[in-house]
Structure formats: C-alpha cells, structure tokens
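Observations on the three-dimensional arrangement
Spelled out, the chains give:
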Amino acid sequence: MDKIQMVDLHNQYKHIKPAVDDAIQDVINSSAFINGPQVKSFKSDLEKYLGCKHVIPCANGTDALQIALMALKVQPGDEVILPDFTFIATAEVIALLGLKPVFVDVDPDSFLVDIEQIESALSSKTKAIIPVHLYGQCANMDEIMKIAVPRGIAVIEDNAQAIGSDILSNGTWKKSGTIGHIGCTSFFPSKNLGCYGDGGALFTNDDKLAEEMACIANHGAKVKYYHEQVGMNSRLDTIQAAILQVKLKHLDTYCEARREAAKRYDTLLQDVNQVKIPCRVSHSTHVFHQYTLKVENRDDLKTYLASKAIPSMIYYPVGMHNQKAYKTSGKFKVSDELCRTVLSLPMHTELRIEQQEYIIDTIKEFYRS
Ligand SMILES: *Cc1c(COP(=O)(O)O)cnc(C)c1O
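First, a word on scope: everything that follows refers to the structure included in this document. (Residues numbered from 1 in each chain as written. Predicted model: local features only at pLDDT ≥ 70, side-chain atom pairs only at ≥ 80, totals over all residues. Heavy atoms only, no water.)

Here the focus is the packing of helix α2 (residues 37–50) against helix α8 (residues 238–248). Packing of α2 against α8 leaves a shortest axis separation of 8 Å and a crossing angle of 35 degrees. For the pair α2 and α8, the sense of crossing is left-handed. In contact with Gln 38, Val 39, Ser 41, Phe 42, Asp 45, Leu 46 and Tyr 49 of α2, α8 contributes Thr 238, Ala 241, Ala 242, Leu 244, Gln 245 and Leu 248. (Axes fitted to C-alpha atoms, helices over the stretch in contact; angles between N-to-C directions. Helix = DSSP H or I, 4+ residues; strand = E, 2+ residues; numbered from the N terminus. Left-handed = near helix turned anticlockwise from the far one by under 90°. Contact = heavy atoms within 4.5 Å.)

Following this line, the structure appears as structure tokens:
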C-alpha cells in the first residue's frame, strides 16, 4: 500500500503530466510571464464553467477577499459579519482594512454559519456578510440574501473550499460563488482547483463591481500609470493560469472522486458510534475539500493514527474569537465544541479503497482498545 497522504498532488499530476508540462513550456517559450494570454483565456474558461459574467484573477484567496471588501468602498469602523469557525484569512482582511469583524456561531450539524445568529448580529454599521462554504459545502445563500439585500448589505461568498459545488437558489442549481454580490476563491495547491503555487480569483455578475475589482487588483489603475485609487498588486501568474486551464477541465471529475471517497468513508464508518460523519445539507452539493468528523477523544485518536502512519488534521483548533489577535467576548458554544472535536481524514482525488479501509480499521481499533 502506498504511503497515505493528507493530499496527494504528485499522483494527480502524473495523470495530466503531458498537458501540464506543455502548458508550462508554452509560457516559458513565450516569456509572457505577467498577464500573458493564458490569464485571459483561463478567466474566460472559468466564467463559462461558473456561468458567471466576470472572473477577475488575482494573486491568492486572501487578496481576493481584501479586494472584494475594498470594492465595496468600506469605511473604517464598518462591520462585517462572518462565522467564528473558519480559516483566519476571512477575518484578517476585515481587520486589515480597519473594519470590525463580527463573529457569529455556526450550525451544530453542518458547521456552516448560523442564519439566526446573523440576524441578531446585524447593526446599522453592518456593511457586508461573508459566509464561508466550509469543507466544500455551501452556506444557505437564499436565506442570507433574504437578510442582506433589503438592507443594502453586500454578501461576499468565501468559496475557497467549495469551488465546483452547486447551490440551490430560487429553485435552480447554480455554481457556488455566483449567488452573492461577489465570490472569492483560492487556487492554493491543496484546494479543489489548485495551481502549483499561489493564485486566487473573484467572481461577480455586476459590471461595476467587476471593473472596480480589476482596477484595485491593478494598483488602482484602469489606464497604466494613472491611479484613481489606492490599490494592490495582485496578479495571477501566467504559468499558474496555464496550469489552471488544464486542471479546470478535470474539476468535475476531481469533485466526483472526492464525493466517491467520502461515500466510502461513510459506509466504512457506519457502525462506529464514537464518530459523527459529515452531514449533507439539501440546498448545496458537497465537494469534500475536507472529510471532517466529529469524534470522541480526538487528540488521542489523532496521535494513534499518526503512530500507524495515518495523517489527519484539525481544521480548526481555535475559533476566531479565541485567537490572540482577534479576541472578543461573547458565547460561541458550537464553534468551541468543534474546535475540541473535529478531525479531518485524508481526502484527495487519488485516495485508494485499501487506504480508506486501513484508515477506518485503525479508527475502529483505537476505539476498541
Ligand atoms: C484557503 C482559504 C483562504 C485563503 O486562500 P489563500 O489563497 O491561501 O490566500 C481563505 N478562506 C478560506 C476559507 C480558505 O480555506
């Protein structure tokens, strides 16, 4: 049996090696390393895939979130609502811009932002809501839009973990990241659509926002050397765009492979009472960026698995309100509990049945002893 890895990018690469190698070589041959033609063609491919009017490529997922907020013309002191249980980037960009992150608790089953909590966190200063499509499954966008739109509040979907998933919105299935005013994603290598370095993108159907975001990402300039606003330098490298163009063609197959692996885990775990398998919500498909369990005796289980050469990860061990840099008072019962109990198992497109059987057998062994 091959060594089990949390994410196996090397074996994934082997299946697409000729196409990827050619794509990289083409960029090197043309030497158009910055804003080369592949950036434009990937942008257009992704627009088609998402069924979305505008994609704006940028340097990483964190920049995408920052550019989205800047495009909303936020002012210091404005408030942004986000789930307490997320990756730090979501909160970080809010704080960097002098805005106030307002953390809310998450749902105990889906671990996604709790809609009722959003309602109680609203204030006259609320400028935006950032739902996070955690682990590859989407927050309830229709409910969130129902709260936000009448109040003139913008919604930015943090879609870094869920690209390729579908959301049921007003009776039709749409691609995640295209329901809110802006969608943000990351092409970090381990993400479901990952490049071979850093990368990110913004999605929107709004022409004005698209123009604004492209301008911000380009040093605040629409015309070279004429800067209308303070911007950023946030570009997707041509080499990364070329790789992503190849990989986008496989995204649906990759998502399907993850779903199949998740189903196998579910079945194998059927009679293990000490773990709770991931719940599936009805308004979204799940693309399993992570396969995350709620488990008993988490830290000991993790150590035991490691002793049997099985990696596992804790996403996330500390909620936003407990982070030293973001300390806030308030009760976050579910988030606190998740920080103590969640464990993510190896999940990627190359996972083998025998590897999964070994992982689950080892988990069973742990709870028997
Ligand atoms: C990965 C991730 C990001 C940030 O993406 P980078 O490309 O690493 O900057 C933001 N939000 C969430 C939820 C993520 O998982």
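So, next bit.
The ligand sits among 13 residues. The nearest are Gly 61, Thr 62, Asp 158, Ser 186 and Lys 191. One of the side-chain nitrogen or oxygen atoms of Asn 60 is found 3.5 Å away from an oxygen atom of the ligand. Thr 62 places a polar side-chain atom, nitrogen or oxygen, 2.5 Å from an oxygen atom of the ligand. When the ligand is considered free in solution it has 380 Å² of accessible area, and contact with the protein chains removes 92% of it. Taken together, the residues of the shell around the ligand break down into 5 nonpolar, 6 polar and 2 charged. (Near = heavy atom within 4 Å. Polar contact = N/O pair within 3.5 Å; in protein donor to acceptor, adjacent residues only side chain to side chain. Areas by Shrake-Rupley, 256 points an atom, 1.4 Å probe, with all protein chains shown as cover. Nonpolar A, V, L, I, M, F, W, Y, C, P; charged D, E, K, R; others polar.)

On to the pattern of salt bridges, then. Under the criterion given, the structure shown has 16 salt bridges. Linking Asp 207 and Lys 53 is a salt bridge whose minimum nitrogen-to-oxygen distance equals 2.9 Å. On the criterion of sequence distance, the pair formed by Asp 207 in helix α7 (residues 207–217) and Lys 53 in the loop between α2 and β1 (54–58) is long-range, its members being 154 residues apart. Linking Lys 263 and Glu 260 is a salt bridge whose minimum nitrogen-to-oxygen distance equals 3.4 Å. Residue Lys 263 and its partner Glu 260 are located together in helix α9 (residues 251–268), separated by 3 residues, close to a single helical turn. Lys 263 gets classed as partly exposed once you look at its relative accessible area, which sits at 47%. Three or more residues joined by partner-sharing salt bridges are found here, namely Glu 211, Lys 222 and Glu 228. (Salt bridge = Lys/Arg side-chain N within 4 Å of Asp/Glu carboxyl O. Buried < 20%, exposed > 50% of the residue type's maximum accessible area, 1.4 Å probe, protein only.)

In spatial order, the strands read β1-β9-β8-β5-β4-β2-β3; together these 7 strands make up an open sheet with mixed pairing. In this open sheet, the two edge strands, each paired with only one partner strand, are β1 and β3 (100–104). Pairs of neighbouring strands in the sheet enclose a mean axial angle of 25 degrees, with direction left out of account. Pairing analysis gives 4 bridges linking strand β8 (residues 182–186) to strand β9 (residues 200–204), with the strands arranged antiparallel. Looking at the pairing, Gly 183 lines up with Phe 203 of β9. The sheet contacts of helix α4 (residues 88–96) involve β2 (79–83), β3 and β5 (154–158), and relative to β2 the element is tilted by about 170 degrees. Against the sheet, helix α6 (residues 141–148) engages β4 (126–129) and β5, with an angle of about 155 degrees to β5. (Pairing = 2+ DSSP bridges.)

A few words on the packing of helix α1 (residues 9–30) against α8. A pair of packed helices is characterised by two quantities: the angle between their axes and the separation of those axes. Put simply, α1 and α8 touch, their axes get as near as 9 Å, and they point 140 degrees apart. Relative to α8, the element α1 lies oblique. Seen from above, α1 lies across α8 with right-handed handedness. Note on element contacts: α8 touches α1 through Thr 238, Ile 239, Ala 242, Ile 243, Val 246 and Lys 247, opposite Gln 12, Ile 16, Ala 19, Val 20, Ala 23, Ile 24, Val 27 and Ile 28. Considering only residue class, the contact of α1 with α8 consists of 11 nonpolar, 2 polar and 1 charged. (Parallel < 35°, antiparallel > 145°, perpendicular 65-115°, else oblique.)

For the structure shown, the criterion picks out 10 aromatic pairs. Taking the centre distance of 6.1 Å and the plane angle of 75 degrees together, the rings of Phe 85 and Tyr 316 count as edge-to-face. Of this pair, Phe 85 sits in the loop between β2 and α4 while Tyr 316 sits in the loop between α10 (298–307) and α11 (333–341), placing them 231 residues apart in sequence. With respect to burial, Phe 85 and Tyr 316 carry one shared label: buried. The interplanar angle of 70 degrees and the centroid separation of 5.0 Å between the aromatic rings of Phe 366 and Tyr 367 together place this pair among those described as edge-to-face. Residue class for Phe 366 comes out buried when judged on its relative accessible area of 11%. Members of the aromatic cluster, connected to one another through ring pairs, are Phe 85, Phe 87, Tyr 315 and Tyr 316. (Phe/Tyr/Trp six-rings, centres within 6.5 Å; stacked < 30°, edge-to-face > 60°.)

Moving on, we come to a nonpolar patch on the surface. Together, Ile 28, Phe 33 and Ile 34 line one region of the surface with nonpolar side chains, adding up to about 260 Å² of accessible area. Tracing the backbone through its elements, the reader meets Ile 28 in helix α1. (Patch = residues over 30% accessible without salt bridge, like charges linked within 9 Å, V, L, I, M, F, W, Y side chains within 5 Å.)

Take Gln 137: it is sitting in the loop between β4 and α6. At a separation of 2.9 Å, a polar atom in the side chain of Gln 137 contacts the main-chain amide nitrogen of Val 281.

The omega torsion of the bond from Tyr 315 to Tyr 316 falls at 10 degrees, within 30 degrees of zero and hence cis. In the Ramachandran plot, His 219 falls in the positive-phi region, its phi being about 60 degrees despite a non-glycine side chain. Topologically, His 219 is positioned in the loop between α7 and β10 (221–223). Here the phi dihedral of Ala 309 falls at roughly 65 degrees; this positive angle occurs in a residue that is not glycine. You can see Ala 309 is positioned in the loop between α10 and α11.

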